[in-house]
Amino acid sequence: YYGLALFISACGELFVMLWASRLLANGVPIEHLFSLCLAMMVLRFLLLALVPKLWVILLGQVLLAAGSGLQLRSGTQYLAAITPENCHGMAILLSGSVSSGIGGMLGNLLGGILVESWGVRGYVLLCTATFMLGFVLFLPLSREALHRARMQARQHFYQHNPHQDV
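First things first, this report covers the structure right here in the doc. (Residues numbered from 1 in each chain as written. Predicted model: local features only at pLDDT ≥ 70, side-chain atom pairs only at ≥ 80, totals over all residues. Heavy atoms only, no water.)

### With respect to the packing of aromatic side chains
Under the convention used in this document: By convention, a stacked pair of Phe, Tyr or Trp rings (six-membered ring in the case of Trp) has centres within 6.5 Å and planes under 30 degrees apart, an edge-to-face pair has planes over 60 apart, and any other such pair is tilted. Charge-over-ring contacts are defined here by two conditions on Lys NZ or Arg CZ: a distance within 6 Å of the ring centre and an angle within 35 degrees of the ring normal.
Evaluation of the coordinates by the stated rule reveals 1 aromatic pair. Taking the ring centre of Phe-45 as reference, the NZ or CZ of Arg-44 above it sits at 5.1 Å.

Structure representation (structure tokens):
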């Protein structure tokens, strides 16, 4: 079943990233998609903590796919919005390196220690709390950063196109 769960997650993530791209192109705000991502991750961890059954694990993989797909696509868009144009590639590269590289190594080490100390249920509840904290911190910070980035982009546009309307 583990292979099936990984397959579901990988395929689902790809489709969700494509869907998220379409939503962003149609004007859905980045912070809405990222908030949905965090909500899916919280729901996933709550289900795993409270109902540890096979069907819940498979459903959890679907939620992981959806949450990861939304996070990757909205996170990339968010970085592009808050960094200067000539730094987009570097910002996205550093984000991937930190989250997958360093985060993957330290997360697995720390996760193993926490599972040994608190058990699987305690670890999953801690993950739930961490995602909830991320949600609470992200909303006000992202709104300010995106607002600032939009104002800078508008100012840059007017400096280079003084006779055009936005």
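There's more to say after this.
### Some points on helix H1 (residues 2-25)
Basically, it comes down to this: Think of it this way: any DSSP run of H or I at least four residues long counts as a helix, any run of E at least two long counts as a strand, and we number them from the N terminus. For a helix, the expected span equals 1.5 Å multiplied by the residue count minus one. Three labels apply to residues, based on accessible area from a 1.4 Å probe with only protein chains included: buried if under 20% of the type maximum, exposed if over 50%, partly exposed otherwise in between. Contacts between residues were defined by any pair of non-hydrogen atoms, one from each residue, lying within 4.5 Å.
An ideal rise of 1.5 Å per residue puts 34 Å on 24 residues; H1 measures up with 35 Å between its terminal C-alpha atoms. Buried within H1 are the following residues: Ala-5, Ser-9, Val-16, Ala-20, Leu-23 and Leu-24. Next to the buried residues of H1 lie helix H2 (30-50) and helix H3 (54-82). Looking one or two places after H1, you find Gly-27, whose phi comes out positive at around 95 degrees.

### With respect to the packing of H1 against H3
Pairs of packed helices are described in terms of their axes, by the angle between the two and the distance that separates them. Here is the rule we go by: Axis definition: a line fitted to C-alpha atoms, over the contacting stretch in the case of helices. Angles run 0 to 180 degrees between N-to-C directions. A clockwise turn of the near helix away from the far one marks a right-handed crossing, whereas an anticlockwise turn of less than a right angle marks a left-handed crossing. Three classes are used: nonpolar for Ala, Val, Leu, Ile, Met, Phe, Trp, Tyr, Cys and Pro, charged for Asp, Glu, Lys and Arg, and polar for all others, with Gly counted as polar.
In contact at an axis separation of 7 Å, H1 and H3 are set at 35 degrees when each is read in the N-to-C sense. Crossing of H1 over H3 shows right-handed handedness. A breakdown of the residues in the contact of H1 with H3 according to their chemical character gives 16 nonpolar, 7 polar and 2 charged.

### Comments concerning the side chain of Ser-68
Looking at the element boundaries, Ser-68 is found in helix H3. In contact with Ser-68, not counting residues within four places along its chain, are Glu-13 and Met-41.

### Digging into the side chain of Ser-35
Secondary-structure assignment places Ser-35 in helix H2. Other than its neighbours up to four places away in sequence, Ser-35 contacts Phe-135 and Leu-139.

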